Amino acid sequence: SLETPIGEEERRRFREAAERAERQRLDLSDGRNLSRSKLSKTTNASFSVVARAMEISLARRGYRTWLSGTDIYDSIRSRTKRSPETEGFLAPELYYVIDVVGVKARSSNRRFVARSFPLKSLDEVPAQLALGRPVIAGALVQDTWFKSTIVKSGVIDLDPKAHLQGGVMCALVGWDPMHQIAKILLPWPTWGKSGMGTITRRALDAYLDRSGLRSVEPVLKQPIPFKRHAP
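Residues numbered from 1 in each chain as written. Predicted model: local features only at pLDDT ≥ 70, side-chain atom pairs only at ≥ 80, totals over all residues. Heavy atoms only, no water.

Another point: the packing of aromatic side chains. This model, assessed by the stated rule, comprises 7 aromatic pairs. Look at Y63 and F112: their rings are 5.6 Å apart centre to centre, the planes differ by 75°, and that puts the pair in the edge-to-face class. Highlighted residues: Y63 in the loop between α2 (45-60) and α3 (69-80) and F112 in strand β2 (residues 111-113), separated in sequence by 49 residues. Taking relative accessible area as the criterion, Y63 reaches 33% and is therefore assigned partly exposed. The exposure class of F112 is buried, given its relative accessible area of 0%. Seen from their ring centres, W188 and W191 are 5.9 Å apart, and the 70° between their planes marks the pair as edge-to-face. Here the two residues W188 and W191 agree in accessibility, since each one is buried. Linked through ring pairs, W145, F146, W188, W191 and Y207 together constitute an aromatic cluster. A cation over a ring is seen here: R79 above Y96, with NZ or CZ 3.8 Å from the ring centre. Here the basic side chain of R214 rests over the ring of Y95, its NZ or CZ set 4.6 Å away from the ring centre. (Phe/Tyr/Trp six-rings, centres within 6.5 Å; stacked < 30°, edge-to-face > 60°. Helix = DSSP H or I, 4+ residues; strand = E, 2+ residues; numbered from the N terminus. Buried < 20%, exposed > 50% of the residue type's maximum accessible area, 1.4 Å probe, protein only. Lys NZ or Arg CZ within 6 Å of the ring centre and 35° of its normal.)

As for its placement among the helices and strands, S83 is situated in the loop between α3 and α4 (84-87). S83 gets classed as buried once you look at its relative accessible area, which sits at 10%.

For the rest of this paragraph, the subject is the packing of α3 against helix α5 (residues 91-101). Interaxial distance between α3 and α5 falls to 10 Å at its minimum, and their mutual angle equals 110°. The orientation of α3 relative to α5 falls into the category roughly perpendicular. Judged by the sense of rotation from one axis to the other, the crossing of α3 with α5 is right-handed. Contact residues: α3 offers I72, S75, I76, R79 and T80, while α5 offers E93, L94, Y96, V97, I98 and V101. Taken together, the residues that form the contact of α3 with α5 break down as 7 nonpolar, 2 polar and 2 charged. (Axes fitted to C-alpha atoms, helices over the stretch in contact; angles between N-to-C directions. Parallel < 35°, antiparallel > 145°, perpendicular 65-115°, else oblique. Left-handed = near helix turned anticlockwise from the far one by under 90°. Contact = heavy atoms within 4.5 Å. Nonpolar A, V, L, I, M, F, W, Y, C, P; charged D, E, K, R; others polar.)

Structure (structure tokens):
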């Protein structure tokens, strides 16, 4: 029997279905994996983003828990003897806290360590997302991000005329490989969709601290076993 050739329309549907499946595979932000709480408006909002990224990774593996961004703030302040609110913090200080000190759950005394993993480039982000690991990094915030149209749409693109407004921690939680667009979580509850938006690859190249990319795959922190010394 003769094979029926696949028409152009059917090929287009197959291609779009494959692209849609790949976007879904690399999207960790579906409703089942997001925290019930909104991101904080306070100065520790960046730490809330980190805590939320850890929550998303835990939920991806079937572990539901809510982590405290305030606990990260308190741990950094205690360790550095500085106020992150007025004096800022360094990325290595943050990574030490989430990887070694751990982050406290909001409903118990359990702590979770991030087991963060450094990435060499943005090209490694899709593979990490496929493993259920959100990617956290610092981002340079531009004034144009607060235009009403962008606040509503949550869509960030490169704007050469934009002016620097400061910096925050963000999390990449999804990736569209066909269009090179990432889903980004930012610490502003009234921006985009409860802090969630999209950012183009050229904007990522311009605004993201690519030297500080870290994927997170948290686990419950185990207590250090007590060793009894011989008399």
